[in-house]
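Descriptive analysis of the structure
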Amino acid sequence: MSHHSSSTRKTGRPSRVGRVVGWIFIWLILLLLTGWGVMAIWYSNLPYSLRPWAAGGFGALSLFLPILVRPRRRGVIAFLCLFALLVAWWLSIPPSNNRAWQPDVAVLPWATITGNKVTVHRIRNCDYRSETDYTCSYYDRTFDLDKLKSVDGFLVYWGSPLIAHTMLSFGFEGQGQVCFSIETRKEKGEEYSAIKGFFKQYELTYIVADERDVVRLRTNYRKEDVYLYRLKADPALVRTVFLDYLRQVNRLHDRPEWYNALTSNCTTNIRGHTAPYTGKTKLDWRIIVNGFIDEMMYERGTVNTSLPFAELKKRSYINARARLADRDEDFSRRIREGLPGGGR
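Residues numbered from 1 in each chain as written. Predicted model: local features only at pLDDT ≥ 70, side-chain atom pairs only at ≥ 80, totals over all residues. Heavy atoms only, no water.

This brings us to the pairing of strand 6 (residues 148-157). Burial of strand 6 is extensive: nine of the ten residues sit out of reach of the surface. Across eight bridges, strand 6 lies against strand 7 (residues 165-172) in antiparallel orientation. Counted as the bridge partner of D152 is S169 from strand 7. Pairing of strand 6 with strand 10 (residues 225-230) involves six bridges; the strand directions are antiparallel. Its bridge partner lying in strand 10, F154 is registered against L228. (Buried < 20%, exposed > 50% of the residue type's maximum accessible area, 1.4 Å probe, protein only. Helix = DSSP H or I, 4+ residues; strand = E, 2+ residues; numbered from the N terminus. Pairing = 2+ DSSP bridges.)

Moving on to the state of the cysteines. Applying the stated rule across the entire model yields one disulfide. Here C126 connects covalently by a disulfide to C136, the sulfurs 2.5 Å from one another. Residues C126 and C136 are joined by a disulfide whose S-S torsion is about 75°; by sign, that bridge is right-handed. Residue C126 is located in the loop between strand 2 (117-124) and strand 3 (127-128), and its partner C136 is located in the loop between strand 4 (134-135) and strand 5 (138-144); the two are separated by ten residues in the primary sequence. You can see C179 has no disulfide; the closest cysteine sulfur is in C266, sitting 12 Å from it. Judged by its relative accessible area of 0%, C179 falls in the buried class. (Disulfide = S-S within 2.5 Å.)

Further remarks concern helix 3 (residues 51-68). Here helix 3 spans 25 Å end to end across 18 residues, near enough to the 26 Å set by a 1.5 Å rise per residue. For helix 3, the complete set of buried residues consists of R51, A55, F58, G59, S62, L65 and P66. End-on view of helix 3: buried residues confined to an arc of 135°, all on one side of the axis. Turned more than 90 degrees off the buried face of helix 3, the exposed positions are W53 and L68. Against helix 2 (16-42) and helix 4 (72-91) lie the buried residues of helix 3. (Expected span 1.5 Å × (residues − 1). Arc of directions from axis to C-beta. Contact = heavy atoms within 4.5 Å.)

Take a nonpolar patch on the surface next. Among the surface-exposed residues, V20, I24, L28, L31 and L63 lie close enough to one another that they form a single nonpolar patch of about 430 Å² accessible area. Sort the elements by how many residues they give to the nonpolar patch and helix 2 lands first, with four residues. Here L31 shows up in helix 2. Assessed through its relative accessible area of 45%, L31 is described here as partly exposed. (Patch = residues over 30% accessible without salt bridge, like charges linked within 9 Å, V, L, I, M, F, W, Y side chains within 5 Å. Areas by Shrake-Rupley, 256 points an atom, 1.4 Å probe, with all protein chains shown as cover. Salt bridge = Lys/Arg side-chain N within 4 Å of Asp/Glu carboxyl O.)

Going through the model one piece at a time under the given rule, you end up with 22 aromatic pairs. The interplanar angle of 65° and the centroid separation of 5.9 Å between the aromatic rings of Y206 and Y245 together place this pair among those described as edge-to-face. Residue Y206 is found in strand 9 (residues 203-209), and its partner Y245 is found in helix 6 (residues 235-254); the two are separated by 39 residues along the sequence. Exposure remark for Y206: the relative accessible area of 2% places this residue in the buried category. Cluster of aromatic residues (ring-pair linked, three or more members): F143, F170, F172, F180, Y206, F242 and Y245. Against the face of W90 rests K200, its NZ or CZ located 4.5 Å from the ring centre. (Phe/Tyr/Trp six-rings, centres within 6.5 Å; stacked < 30°, edge-to-face > 60°. Lys NZ or Arg CZ within 6 Å of the ring centre and 35° of its normal.)

This is the structure we're talking about:
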């Protein structure tokens, strides 16, 4: 009888070690959620003078509830209720199209589509004297979808080789290129912060631009390293993706959305426009650490594979050509001279 009772105690309830491990795991989760909550409040739209008190109060209450409330599981439940209220408030913070925007993102593009004709309104073409000194101008252009033949990808490295800015440019036979850069829409005096990018600090914007603007800005003025890859894609697929881009451009013109450095950035949004139509929906760590996304495209056969990858990357570097082309109206053709082809 005593042997049976002893066996029940051993198998019928968690061991002391198991309980300790379980509580360590729970505390780690609580600490992570508390940290996110503190940051969400600190980078919120609350008055700046209130943020330290609100963030500190939330952090202290979150940590003390599981300690002071007994039994302890009730303290955890109380914390989860508090956290749910914070999330509900955070989700209710609306984006806006009405702020004091920096001049380069002040004007939103949009498009009208009539049959095979697409008119893109307010294509940006800034004239730069320096990175921060420029004059923005805009033009409208009507494109014939039957002449949409190609799509190219830009990778822009501004610091760490792990992270790049990605852009797509669509080529129309006899009608030139139109380039899309998915960015944060910054207010006057506002700087980009990777941390702020997680916490509803920037609206999302799709800049539709002349390559003499968005590419030349990065090669000639910011001195960033820019690589241009000709992509392999069927014209029918290119057309579908282009129209998907324009639908999002029109949505953002009518209804703003938040940028998010993890879930809604330049690369994840490109994947959102292409994956439903390409069948290449498999997640890859290089979607997040996107400095290696060209390597992923090479493995998937999306770019020219007739050369070793290292040689392809070397030949896809366009900074020298972009500096020479500068303000030339033939800028797009000149930066593509000698590039390995994409094809189909």
